[in-house]
Amino acid sequence: QVHLVESGGGTVQPGGSLALSCVRPRMIFSEYIKYEMAWYHQAPGKERELVAAIDSSGNTMYGDSVKGRFFISRDNSKKRVTLSMSSLKPEDTGVYYCNSKEGRFDWGQGTQVTVSS
């Protein structure tokens, strides 16, 4: 199995910020750029849902709950996708996963984000 590598999670107060990173260092560049990449959020006791996606040209889409607060970007040369999160709310708490927008890759362990005072 090939897993995406998510990192950058942690605990922050409401209104705080975090930046999550997803890398595929062993994936061949010509293969990596074929995929539209995405971040998913799974809140405790709830289903995983897509929150942001970006294609290889930089075109983005966001879920309604994170518009204006979360920003997705990618560095194709480093095979890295970043999710910059600001104005974090308690409901943003959960595990964040990285995959293709179509969920093509194996799911990794994700990275935990906790928003609490």
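Residues numbered from 1 in each chain as written. Predicted model: local features only at pLDDT ≥ 70, side-chain atom pairs only at ≥ 80, totals over all residues. Heavy atoms only, no water.

*Asks:* Tell me about the overall build of the protein, and please be specific about residues and values.
*Replies:* Counting its regular elements, the protein contains 1 helix and 10 strands. Starting at the N terminus, the α and β elements of the protein follow one another as β-β-β-α-β-β-β-β-β-β-β. A compact globule built from 117 residues would reach a C-alpha radius of gyration of about 13 Å, and the protein, at 13 Å, matches this within 12%. The principal-axis extents of the C-alpha atoms in the protein amount to approximately 45 × 30 × 20 Å. At a minimum sequence separation of 6, the contacts of the protein that also span at least 24 residues come to 56%. Surface exposure of the protein reaches about 6,400 Å², of which carbon and sulfur atoms provide 46%. On the protein, the mean spot of the 14 positive side-chain charges and the mean spot of the 12 negative ones are 5 Å from each other. (Helix = DSSP H or I, 4+ residues; strand = E, 2+ residues; numbered from the N terminus. Rg over C-alpha atoms; globule rule 2.2 N^0.38 Å. Contact = heavy atoms within 4.5 Å. Areas by Shrake-Rupley, 256 points an atom, 1.4 Å probe, with all protein chains shown as cover. Lys, Arg positive; Asp, Glu negative; His and termini not counted. Charge placed at Lys NZ, Arg CZ, Asp CG, Glu CD.)

*Asks:* Tell me what's going on with the packing of aromatic side chains, and back it up with residues and numbers.
*Replies:* Scanning all chains against the criterion turns up 4 aromatic pairs. Each ring, one from Tyr-62 and one from Phe-71, has its centre 6.4 Å from the other, and the planes form 75°; the classification is edge-to-face. Judged by its relative accessible area of 19%, Tyr-62 is buried. A relative accessible area of 46% means that Phe-71 is categorised as partly exposed. (Phe/Tyr/Trp six-rings, centres within 6.5 Å; stacked < 30°, edge-to-face > 60°. Buried < 20%, exposed > 50% of the residue type's maximum accessible area, 1.4 Å probe, protein only.)

*Asks:* How would you explain the pairing of strand 3 (residues 18-23) if you had to name every residue and give the values?
*Replies:* Buried residues dominate strand 3, accounting for 5 of its 6 residues. Sheet topology note: the strand 1 (residues 5-7)/strand 3 ladder contains 3 bridges and is antiparallel. When the sheet's bridge partners are listed, Glu-6 is paired in strand 3 with Cys-22. As judged from the 6 bridges shared by strand 3 and strand 8 (residues 80-85), these two strands associate in the antiparallel manner. Paired with Leu-20 across the strands is Leu-83, a residue of strand 8. (Pairing = 2+ DSSP bridges.)

*Asks:* I'd like to hear about the sheet that holds strand 3, residue by residue, with values.
*Replies:* Strands in a sheet are paired, the pairing made by backbone hydrogen bonds, and the direction either parallel or antiparallel. Strand order in the open sheet formed by 4 strands is 1-3-8-7, with antiparallel pairing between adjacent strands. Strands with a single pairing partner mark the edges of an open sheet, and in this sheet they are strand 1 and strand 7 (70-75). On average, adjacent strands in this sheet sit at an angle of 15° to one another, irrespective of strand direction. Two elements, strand 7 and strand 8, share 6 bridges in a ladder whose sense is antiparallel. By the bridge assignment for strand 8, Asp-75 is matched with Arg-80. (Axes fitted to C-alpha atoms, helices over the stretch in contact; angles between N-to-C directions.)

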